[in-house]
Every structure is written in C-alpha cells, then in structure tokens.
Amino acid sequence: MQPPLAENEPSPTAINTPRGTRYLTQVLARAENDLVAKGKNSREELLSLYKRFLKIEGHRLRLRHHAGGGGREICRLRVDLLDVVLRHIYEYAIDAEKPEGVRMFPLSIVAVGGYGRGELNPFSDVDIMFLRGKGKEPTYLNAVIEQVLYLLWDVGFRVGHATRTIQEALTHANSDMISKTSMLEARYVAGDRDLCKKFKADFITTCVVPFREQFLQWRFENQKDRHAKFGGSVFMQEPNIKNGCGGLRDYHNLLWVSYFKDGIRSTAELVARKIIPESDRRELDRAYDFLLRVRTELHYFADRALDSLTLHLQGQIAKKLRYPQKTLIERSEAFMRDYYQHTRAIYRTSEFVLDKFLGLEAAQKAPKLLTLFQKKQARPERFDGFYVKDGKIFFEDRSVFNEDPFRLMRVFQAAQQRQLDLSVELQQLIRRRVRLVDRTFQYARAARGTFFAILSRKGQVGRILRLMHENDFLGRYIPEFGALTCLVQHEFFHRYTADEHTLVCIEKLDQLIDTNEEKFRNYQALFQQLEDPFVLYLALLLHDTGKANPKRNHAETGAVNGARVAKRLQLSPDRRKQLVFLIDNHMLLSEVAQRRNIEEEATIATFASMVKNQENLDALMLLTLADGQGTSDQSWSDWKETLVWRVYHSTKSYLADGHTFFEQRKTEREELRVAVTRKLARDYREEIAALFQFMPERYFQACDAPEIVGHLRLFRNLFEKLDDAAEDPSEPVVKWIARPEQGHSEVWICTWDRHDLLSRIAASFAVAQVNILSADIFTRQDNLVLDIFRVCDTQFGAVTHPNDIARIQKTLNQCLQDSSYDFKPLLAKAKKIRLRNLVTEVEFPTRIVVSNDTSPACTVVEIRCPDRLALLHDLLAAFSKLDITIVTSRISTEKGAAFDSFYVTDEEGAKIESDTAIARLTKALSKAILEDAA
C-alpha cells in the first residue's frame, strides 16, 4: 500500500489535467473585486453579488463548453469556481457568526464524492463534509455551518452535507461502503488545513489498509449489480451515461479498485505498473473526457441533472455537439457510434483490470504449499500454439497469429469445444491482429470450414459469436455484420443497438436447447429436430444487416447481403435459398399473426405459398421467437405467442395437404360444436345452433369450447333482457374478466348491432381513462354483436375496481340508449388529463396503408401511429362518416404505439377500389390521428 496522499496530491480518481491556472487567476481576481465580504455588506447584498458572479462565470463556462472545451476541463473549472465561492462564503460566515477576539474552533470544509475528485457537471450535486475538531463545540459553530449551507442553497446549489469529527467520519466510513468510497475522494476546500490533512492520513490507516479485500469484493459485486440494473450491456438503445456498462462509474470504479489494490491513483500509473499499455490509457482517457462532455451538454440541454440518453434526446445532443451530418438521424447515428465505441473502451479496460486484480487476489489467497504442489503437478494442456490455465486459453508466443492467421478462427472453435474462455492477454492480442483477416482470409476454405463447425453446434453459438464481436473479429470476417457495430436503431421496440440485438437473438435461440420452461417446450422440440442449424444461426446473424443502409427496406437489403455471404462461403443452392428466404421474411410470421385475419383461409393459403415447405416453416418459427425475445423483454407476450402458434399449426396442415386442411377445419368446427353441447343443458340446443349458423368462421378459429360456452350464456342474458318488458333492450350485457398476471382485463360486450356501435364503445372506455390494448369484433348474421376488448388502466394493470367498472358501464349504457348522445364534452375533458405513461418520447412515425391484394373479399387498412386517448374512437368515427363497414379488425397497442388492421367494405359490401375513395379514406384517417396532436 502506498503512503497517504500529500496535501497537494489529487484523490484516486481526481481528474489529472492542468488546473487551468490562467483562467483560475482571472476568476480569483474577479472574486476579489466582487466577493470580498466587507462589514458594511448585508447578507442580501452579498447573496446578490454571489448570484451575479456565478451567473457571469457560469455563462463563461457554458460558452467555453460550446466552443469545444473538453469534458474534463469544464468539470475541473466548475469545481474551481465553486471552490472560490465556497471559501468566500466560509469567510463571510466566520465574520458574521464568530465573536471577535475568540479563537476559531477547528473546522474544515472537505469536498467529497464528485466534487472531491474535481468532477462537477452543470447540475451535479455538491457533496461536502464539515469536519470539526474534538471537544465541546462553541455555540457559534452551528451558526457558521448553517450560514454556509443556507447561502449555498440560496445561490442555487444542491448540497449534500454532513458534520462529523474525524473519529465519527472514520466510524461511518467503515460502516457504509458507499460513504467510504465518497470519502476516498476527500479534498480540502476551506478552514483548518491541518484537520483535513490528519483526517486523510487516518482514513488511509483506518479505513483503507485493514479493509482492502472487503472493499475490493464489494466493488466487484456492486459493479456487477449495477450493470444488471442498467441493462447488462454497453449497447443499450437508451444508455445511462453515469451508471450503464462502460459509463462514468465504471471509470471511477476502475481507479477506486486500483487504489485499494495497489495504491494506483491514475491511468498513467496503470501504464507505469505495466497493467495496461499506453494505447489503452489514451483510449480510456479520451472516452472519459467524451462522456463528461456529453453529460455536460445533456445537463445544459435538459436544464437539470440527467443521465439517460433517450432516443428523443440523442439527435438533439448530436446537433448541440456539432456533428456535421445533414439529417437528424444521421447525426444521431454518428454521435451514438462514438458514444458506444467510447463506452466499450471503458468497459473493456475496466473488465480487463478487474479480472487481472481478481486473479491476483485468488492467487494471493491460495496456500503457498498448495500453490507449489500445483506448480509441480499441473501440466497445462497445449494445442495449436496455445495452452489452457484456470479455464482460460493463453498464447505461447505473441507471434502465434503471424505464423498462422487461421488460428484466429480456430482459437474460437477451441473455446467452444472445450467450454473455455479467452484470457485477457489473448483477447488483447486478437484485437491487435485482426488486420490479418483480409479478403483472402474471408474466402479461404480453412476459415470457412471452421466457421461452419462453430455455427453448427446447437446451443453453443451465441457465446462464441459474442467473443468474436467483442474482440473485433466477427465484423472483420463478416463485414456485412460489422456494419452494424454500435448502430443505434431508430425503431420503436428495440432495446439494443443493431449488433447487440443480433447477438441477444442468437443467445435466446441457444437457450432453447436445455430450457426447463414449459412455455418453450414446443420451440425446444422444433430446435432439437432441426437437422442443419447452421443456416438458421447464419440467418439470425445477418437478419438485420440491411439496417446499415437506411435508404432501403432492411429485410430486402439483408437478403442481398445474405446472398453475398452465401456466395463467399460457397453454400449449396438449397442452403443459399433457405438463408435468403429467412432473412427476407424474418418479420413475415409475426406480421401475419398480428396484422392479418388469420382465421381467413386465404391468409393461410397465401402465407403457405410463400413459406413453401415445412423446413422453412420450422426455421421461421424459431427465428421469429429469437427475434421477438431479442428485441426487448416485454415484446414477446403470451398473446403474440398464441397467435403465432395458431398460424404455424394452420400452415403446417395446409402444407401437408391443402384440400385436407379445408376439410379439417370443417371437422374441427363440428368437434367444437359437440364439445360445447356437452357442457351446456339441453335447453341451449337452439341457441347453440344459431351461434354456429350465424357466427363468422373466424370466430370458431379464435375461440375454444370454454370461451364459447361463456359467450352463449352472455347471449342468453341478452335474450332474457330483450324479453323482459321492464328491462331496457338497448342496454348491452357486459362481462369483466380480470387477468392481472397479463396486465389487462377482458371485457365481453354482447348487444345488437347499430350505427356507430364500435366508436361509441371505444369512447366509453376513453372517457373512463381506460386504454384499449386489443379488440376482436364478431358480428352475427342475425344482427347480434359480440365484442371482446382487452383493456388496462393508466398504470398498465387490469381494471378491477368496482367503481371504475360501474362508471364505464354507466357511460356505455347512456350512449347506447340515446343515439344523439354527445361524447365530445366528455372526451375533451378526458383528453386534458394526459396519460403521460401512454405517450412515448420517441417520434413514432405514422403510416396508413390501404391494400386490396391482401384479402379476397375486403379492403385491408393498416394503421401504425402513436397511441393516445380516444384514438380508436376517432378512427372508428372516421370510418363511420364515410359509410364504411368494418368486417373484422386487429387492434393492438404496445408501448404507446397503435398497430391496427381493419378489414372493410363499402356500404354495398364490396372492396373500396377507386383512387378517389381510397384518397378520401386516407385523408379522413390522417385527420383523425392528428385530431389530438395539438
């Protein structure tokens, strides 16, 4: 352990750059002119002076930042500025509160935390500790401390503070690791200098030396937990600058650990001790400076402390940092590429150093006799220029790859086959030798054969591809994938960058091989029977490569990339066809399941004609699962899964025998009728016959026997109400089913059909502040309607409170009883109460597509737009005004975005085919979407 810090030395993580001497001299000169406290100045006058001084100097700092000042430089100067103000405030407090002629009781103001290490962004908290001497404190001491704090608060600083003796501070530090870390940054600011010096010396001997191993272990665990909390990846779509992987806290943690482990106070000392090379130090310090600069800009832009780089902010920050690209998206992508590359540099170096220190700790803890025995007995496995030690692969000589470049591929295969990791030294060497992966390497049979083998081991591919990517090898060998590196995705549901999303997808597929989760059993069976996993893994690796070219459809561009890779890897014609098919159609199964009328036989027939065979269908099913799960944790819901499996089973039957498929549907319907009949009393026979006669075919594909039994009972309730003269026949019969585990409630509404029915129901939900997640609309030929809505409250939970349900049904009854019922006042009132958590920060694009090719009998209208209160009501009202009949619909709302598909006809039951009618419909829907935009 190194000796205690000298008084003029920085704390372990202090910014080791020049202190801006010339600028500080100018600040001090202005301080002498503006801030020197004279007896004639009242507190109000001084407060006014302090505020004016900080405003002027703060403005100068802001101009310096916008002129290109470095992140460290601006943070350091802000600390210097605060030091000046705090010293003058302290002097004023002493003059104001301490009696004349009385010796000042020992008191020191010590900066801790970020302020202590010299790192203050515009709205960072200011953490200080009032360190007081031993003995009975005089009455004026608290008044001095209060005066300092009140003046700091009054001039606008957010101050965290504590008042302690040296012993109290040391005791507290040893009882709380976070406080110990903060005090590790302690720096003298004002007051008794000797008191602060003694505290720092005692801190080393009392809080550092005896707790070295305990602190190191806690910091390792703390970093692990923090990474998990903030996404577990450098490549989050909306990263946290401070706490995310590779963020500022990783840099701090690196130096805190280095100091406790070996007394290292700076990255320069890491180089001097030969822990990291000079090139890594430069990369590390550039990255840290970049992050501080970004955080400063983020604080300025938001006018508050903020650490999350949301999609909405990324383009704005890029513009403020003067990225030269022409469009907002291009600037954002360039900025975020820089961000991810810098955070990856911090993450890599941090993990490397921590891994090295952790290995040293384990070695130091091992008994010496055991270590000597192991050295004598252990014979490390050696192969192909490498050897294995402690579960990791090391190189025997630094020229190992120069002698044979194809070892770059084979070493990853060895890691896969032997279930080993690569040592940090080997990973560093790989990154320095990836230049050997040239065009000859990419086309070489030796590399190709090893790559085939790696991608053919079910359940073991994701870890190796991630290792390849983390060491810059994968993008060199497959440059089409390399173009995705650090590429931010301006798509609504994605949680990660394009490269990270791809790797997560492959890891999700791997997990199927030995999953114990019941809901994945069917996927597992498909994966286990898959004969050639290579094509599926390669398709997943390439499925989003088209996103590197935003000017074209990414699936089509990805398919072109797939054909190029297939040619380079010399795939067989069958493999090449399947690869291109999977990439080109990787969203097809999900889109058909969620946006199409999958109960319509034509939908399944068209989809089957595109899939062509069972092998493609199985692979597409697995790819759809992996892609959905790899997008975000919330994107793959039980409801989606049910729809996808329904399409899969129908298509499987159709591919086996198209004629049998249609016959099978008739058989299934008859079996369903028998099952329903068995569950109900004999007096339901006529009602069952009517239901099976008048309900549309898709109803029987969408509902099972228990659900149909429930619907029949609901229809009977409606019939009884119609027969009862005392009851109002216009009132619907409603059943609520809470599904809290799925975050919504189902609402069954049974009534007779009438004009504007759907829009009135939607308005009733909107008025009650209830959000419609999805809807299934079934209209019988005898003019009865069964509508099934899935709804949630403002907190995305099931609607269960009796008062809420009663209010909704009351509104619904009123609007259906009175055809002239005016919703506008109630909707206007409801819209003023904005549901903030249903409004996304992302500028989600609106798209309206009208197609007459999707369905043989209907025009299909697809709408994708930001969700808002009463959106569905406004869309349905627009259809109604144009006398357009909605035959069926797919209503879906996710993360504040609406994805709705309507199968419609004109008032005569025909398709809407004239250009004029389509243009009128599109205009009306656009107006309805924008109605609440203001």
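Above: the structure in question.
A.B. asks: Hey, could you go over the overall build of the protein for me, with residue numbers and the actual values?
C.D. replies: On a plain count of helices and strands, the protein comes out with 41 helices and 16 strands. Per-residue burial for the protein yields a buried fraction of 55% across its 934 residues. Contacts in the protein between residues far apart in sequence, at least 24 positions, make up 72% of those at least 6 positions apart.

A.B. asks: Now, about unusual backbone geometry: what can you tell me, with residues and values included?
C.D. replies: We note that K274 has phi near 60°; this positive angle belongs to a residue other than glycine. Take K274: it is sitting in the loop between α11 (267-272) and α12 (278-302). Classification of K274 by relative accessible area gives exposed; the value is 72%. Look at K612: it is not a glycine, yet its phi comes out positive at around 80°. Residue position: K612 is located in the loop between α30 (601-611) and α31 (614-631).

A.B. asks: Run through the environment of R379, naming residues and quoting values.
C.D. replies: One can find R379 in the loop between α15 (368-377) and β5 (382-383). Judged by its relative accessible area of 79%, R379 is exposed.

A.B. asks: Describe the packing of helix α6 (residues 166-175) against helix α7 (residues 177-184), naming the residues involved and giving the relevant values.
C.D. replies: Relative to each other, α6 and α7 sit at 125°, their axes nearing to 5 Å. Compared by their axis directions, α6 and α7 come out oblique. Residues A169, H172, A173, N174 and S175 of α6 touch α7, and the partners they reach there are M177, S179, K180 and M183. Residue composition of the contact of α6 with α7, by class: 4 nonpolar, 4 polar and 1 charged.

A.B. asks: Please provide a residue-by-residue account of the sheet that holds strand β4 (residues 187-191), values included.
C.D. replies: Here we have 4 strands laid out as an open sheet, ordered β3-β2-β1-β4, and mixed in their pairing. Looking at which strands have only one partner, the edges of the open sheet turn out to be β3 (159-165) and β4. With direction set aside, neighbouring strand axes in the sheet form an average angle of 25°. Alignment of strand β2 (residues 126-132) against β3, held across 7 bridges, turns out to be parallel. Its bridge partner lying in β3, L131 is registered against R164. Across the sheet, helix α8 (residues 193-208) touches β1 (107-111), β2 and β4, and the angle it forms with β2 is around 100°.

A.B. asks: Now, about the environment of T846: what can you tell me, with residues and values included?
C.D. replies: Counting through the fold element by element, T846 comes out in the loop between α39 (824-832) and β13 (847-851). Among the residues examined, T846 registers a relative accessible area of 42% and is labelled partly exposed. Put simply, T846 and P866 are 20 residues apart on the chain and 7.1 Å apart in space, counted from C-alpha to C-alpha. Residues contacting T846, with those up to four places away along its chain left out, are R864, C865, P866 and I929.

A.B. asks: Please give an account of the nonpolar core that cites residues and values.
C.D. replies: As a rule of thumb, nonpolar side chains are buried together in soluble globular proteins. Residues I393, F412, F451, L465, F473, Y477 and L538 are the most contacted members of the largest nonpolar core, which totals 87 residues. Element by element, the count of residues in this core is highest for helix α26 (residues 533-542), at 9 residues. Apart from the residues within four sequence positions on either side, L538 is in contact with F451, L455, V565, L569, L571 and L579. Counting 70 residues, the second-largest nonpolar core is a separate cluster that includes C245, W256, I317 and Y339.

A.B. asks: Requested: an account of the pairing of β4, with residues and values cited.
C.D. replies: In terms of burial, β4 is largely enclosed, as 4 of its 5 residues are buried. Strand direction decides the pairing type here: β1 and β4, joined by 4 bridges, are antiparallel. For I109, the partnering residue across the bridge sits in β4 and is A190.

A.B. asks: Quick rundown of the sheet that holds β5? Include the residues and the values.
C.D. replies: Read from one edge of the open sheet, 4 strands run β5-β6-β7-β8, paired in mixed fashion. Across the chains shown, the open sheet's two edge strands, defined by having one partner strand only, are β5 and β8 (421-422). Where strand β6 (residues 386-389) lies against strand β7 (residues 392-395), 4 bridges are found, and the strand directions are antiparallel. Counterpart to V388 in the pairing with β7 is I393.

A.B. asks: Describe the side chain of K911, and please don't skip the residues or the numbers.
C.D. replies: Residue placement: K911 occurs in the loop between β16 (897-905) and α41 (915-930). No salt bridge is formed by the buried K911, whose closest oppositely charged neighbour, E913, lies at an N-O distance of 5.4 Å. From its side chain, K911 meets the backbone oxygen of N852 in a polar contact 2.6 Å long. Beyond its immediate stretch of four places on either side in the chain, K911 contacts N852, S855, P856, A857, C858, T859 and D906.

A.B. asks: Just give me the short version of the pairing of β7, but keep the residues and values in it.
C.D. replies: Between β6 and β7, which pair antiparallel in sequence order, lie 2 residues; one of them, D390, sits at a positive phi of approximately 55°. Inspection of the sheet shows β7 paired to β8 by 2 bridges, in the parallel sense. Within β8, the position partnered with K392 by the bridge is D421.

A.B. asks: Give a description of the packing of aromatic side chains that names residues and reports values.
C.D. replies: For the structure on display, the rule yields 31 aromatic pairs. Both rings, one in Y150 and one in W153, keep their centres 5.5 Å apart while their planes meet at 65°; by these two values the pair is edge-to-face. With a gap of 3 residues between them, Y150 and W153 both fall in helix α5 (residues 139-154), about one helical turn apart. On the accessibility criterion, W153 (35% relative accessible area) is partly exposed. Taking 5.0 Å as the distance between ring centres and 50° as the angle between the ring planes, the aromatic pair formed by Y523 and W645 counts as tilted. One end of the pair, Y523, is in helix α25 (residues 521-529); the other, W645, is in helix α32 (residues 638-656), with 122 residues separating them in the sequence. Residue class for Y523 comes out buried when judged on its relative accessible area of 0%. Between the NZ or CZ atom of R418 and the centre of the ring of F383, over which it lies, the distance is 4.0 Å. Across the ring face of Y684, the terminal group of R716 is positioned such that the distance to the ring centre comes to 3.6 Å.

A.B. asks: Residue-level account of the pattern of salt bridges, with values.
C.D. replies: Two side chains that carry opposite charge are able to pair once their charged atoms sit near each other. In total, this model carries 45 salt bridges according to the counting rule given. With a closest N to O distance of 2.7 Å, E73 and R64 form a salt bridge. Since its relative accessible area comes to 33%, R64 is described here as partly exposed. Notably, a salt bridge pairs R407 with E403, separated by 3.2 Å at the nearest N-O pair. Judged by relative accessible area, R407 falls into the buried class, the value being 13%. Residue classification places E403 among the exposed positions, given a relative accessible area of 57%.

A.B. asks: Lay out the environment of D438 with the relevant residues and their values.
C.D. replies: Of note, D438 is situated in the loop between α18 (424-433) and α19 (439-443). Sequence spacing of D438 and Y477 is 39 residues, and the spatial spacing of their C-alpha atoms is 7.9 Å. Separated by 3.0 Å, the side chain of D438 and the backbone nitrogen of F441 make a polar contact.

A.B. asks: If you had to explain empty space enclosed by the protein to someone new, which residues and values would you point to?
C.D. replies: In this structure the tally under the stated criterion is 6 cavities of 30 Å³ or more. Taken as a whole, the largest cavity holds about 150 Å³ of empty space. Taken together, the elements giving at least two residues each to the lining of the largest cavity come down to α37 (757-767), β11 (771-779), α40 (871-881), β15 (885-894) and β16. For the lining of the largest cavity, a count of residues per class yields 10 nonpolar, 4 polar and 3 charged.

Definitions and cut-offs
- Residues numbered from 1 in each chain as written.
- Predicted model: local features only at pLDDT ≥ 70, side-chain atom pairs only at ≥ 80, totals over all residues.
- Heavy atoms only, no water.
- Helix = DSSP H or I, 4+ residues; strand = E, 2+ residues; numbered from the N terminus.
- Buried < 20%, exposed > 50% of the residue type's maximum accessible area, 1.4 Å probe, protein only.
- Contact = heavy atoms within 4.5 Å.
- Axes fitted to C-alpha atoms, helices over the stretch in contact; angles between N-to-C directions.
- Parallel < 35°, antiparallel > 145°, perpendicular 65-115°, else oblique.
- Nonpolar A, V, L, I, M, F, W, Y, C, P; charged D, E, K, R; others polar.
- Pairing = 2+ DSSP bridges.
- Core = buried A, V, L, I, M, F, W, Y, C linked by side-chain atoms within 4.5 Å.
- Lys, Arg positive; Asp, Glu negative; His and termini not counted.
- Salt bridge = Lys/Arg side-chain N within 4 Å of Asp/Glu carboxyl O.
- Polar contact = N/O pair within 3.5 Å; in protein donor to acceptor, adjacent residues only side chain to side chain.
- Phe/Tyr/Trp six-rings, centres within 6.5 Å; stacked < 30°, edge-to-face > 60°.
- Lys NZ or Arg CZ within 6 Å of the ring centre and 35° of its normal.
- 1 Å grid on protein atoms, 1.4 Å probe; cavity = no way out; pocket = protein on both sides within 12 Å on 5 of 7 lines; lining within 4 Å.
- Points joined across faces, edges and corners; volume = space filled by probe spheres on them.

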